[in-house]
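Remarks on the overall topology
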Amino acid sequence: MKRVLLVDDDRVLADLAQMTLERARYAVQRAADGAQGLAALAADPLPDLVLLDVMLPKIDGFEVLRRIRADARTRELPVVMVTTMSRDKDAARGRELGANDYVVKPLMEGDFIRRLERLLRR
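Report follows, based on the coordinates. (Residues numbered from 1 in each chain as written. Predicted model: local features only at pLDDT ≥ 70, side-chain atom pairs only at ≥ 80, totals over all residues. Heavy atoms only, no water.)

1. A few points about helix α1 (residues 11-23)
Over its 13 residues, α1 runs 18 Å from end to end, which matches the ideal 18 Å to within 8%, given 1.5 Å per residue. Within the span of α1, buried status applies to Ala14, Ala17, Gln18, Thr20 and Leu21. What you see down the axis of α1 is that its buried residues fit within an arc of 160 degrees, all on one side. Facing away from the buried surface of α1 by more than 90 degrees, the exposed residues are Arg11, Val12 and Arg23. Close packing links the buried residues of α1 with β1 (3-7), β2 (27-31), β3 (49-53) and α5 (109-121). The opening residue of α1, the one whose side-chain oxygen lies 3.1 Å from the backbone nitrogen of Val12, is Asp10. Of the residues flanking the end of α1, it is Arg25, one or two places downstream, whose phi is positive at about 70 degrees. (Helix = DSSP H or I, 4+ residues; strand = E, 2+ residues; numbered from the N terminus. Expected span 1.5 Å × (residues − 1). Buried < 20%, exposed > 50% of the residue type's maximum accessible area, 1.4 Å probe, protein only. Arc of directions from axis to C-beta. Contact = heavy atoms within 4.5 Å. Polar contact = N/O pair within 3.5 Å; in protein donor to acceptor, adjacent residues only side chain to side chain.)

So this is what it looks like as structure tokens:
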């Protein structure tokens, strides 16, 4: 079973994302802020993919992504940025920092799962 780390401070949207992922047979670990997300990534085993909200308390998603890409242990880990904002500049910044994909909430279940599966097959 593939493991996903879901880093999102919005409890309702994180609950919905978790239910969607679990229906698709993913194991989900959650973190409510950027610091918790980084702590989860410091432990073993690493998840197979990270779903990372942009707007997070303590450490925002862009900084978390920058740290993921700077660490040799997590550098190749697939990261999907997730946000309620659909601003092009945020998507561009995420890509510049090394995000593998960028999705806008609310998540469209079928498309969302297909995109994750495509990244995990790489």
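Next comes the rest of the description.
2. Details of the pairing of β2
Inspection of the sheet shows β1 paired to β2 by five bridges, in the parallel sense. Paired with Leu6 across the bridge in β2 is Arg30. (Pairing = 2+ DSSP bridges.)

3. Describing the environment of Leu65
Mapped onto the elements, Leu65 comes out in helix α3 (residues 61-70). Given the relative accessible area of 0%, Leu65 is considered buried. When neighbours within four sequence positions are excluded, Leu65 is seen to be in contact with Leu52, Val79, Met81, Gly94, Leu97, Gly98 and Ala99.

4. Let's talk about the nonpolar core
Counting residues in each nonpolar core, the largest one holds 21 residues, and the members touching the most others are Leu5, Val7, Val50, Leu52, Val79 and Met81. Elements that contribute at least two residues to this core include exactly β1, α2 (34-42), β3, α3 and β4 (79-83). (Core = buried A, V, L, I, M, F, W, Y, C linked by side-chain atoms within 4.5 Å.)

5. Digging into the sheet that holds strand β5 (residues 101-104)
Neighbouring strands of a sheet are bound in pairs by backbone hydrogen bonds; such pairs are parallel or else antiparallel. If you walk across this open sheet you meet the five strands as β2-β1-β3-β4-β5, and the pairing is parallel. In this open sheet, the two strands that pair with only one neighbour each are β2 and β5. Neighbour to neighbour, the strand axes of the sheet diverge by 20 degrees on average, direction disregarded. (Axes fitted to C-alpha atoms, helices over the stretch in contact; angles between N-to-C directions.)

6. Points about a nonpolar patch on the surface
Nonpolar side chains collect at one region of the surface, where Val12, Leu16 and Met19 lie side by side and expose about 280 Å² of accessible area between them. Looking at the element boundaries, Met19 is found in helix α1. (Patch = residues over 30% accessible without salt bridge, like charges linked within 9 Å, V, L, I, M, F, W, Y side chains within 5 Å. Areas by Shrake-Rupley, 256 points an atom, 1.4 Å probe, with all protein chains shown as cover. Salt bridge = Lys/Arg side-chain N within 4 Å of Asp/Glu carboxyl O.)

7. Things to note about α2
Regarding α2, the residues found buried are Gly34, Gly37, Leu38, Ala40 and Leu41. What you see down the axis of α2 is that its buried residues fit within an arc of 155 degrees, all on one side. In α2, the exposed positions that point more than 90 degrees away from the buried face belong to Ala39 and Ala42. Looking at the packing, one finds that the buried side of α2 touches β1, β2, β3 and α3.

8. A word on the pairing of β1
Counted residue by residue, β1 has four buried out of five residues, so it is predominantly covered. In this region the chain leaves β1, passes through α1 and returns to the parallel neighbour β2; the handedness of that crossover is right-handed. In this structure, β1 lies alongside β3, joined through four bridges in parallel fashion. Within β3, the position partnered with Val7 by the bridge is Leu52. (Right-handed = clockwise from strand over helix to strand, strands pointing away.)

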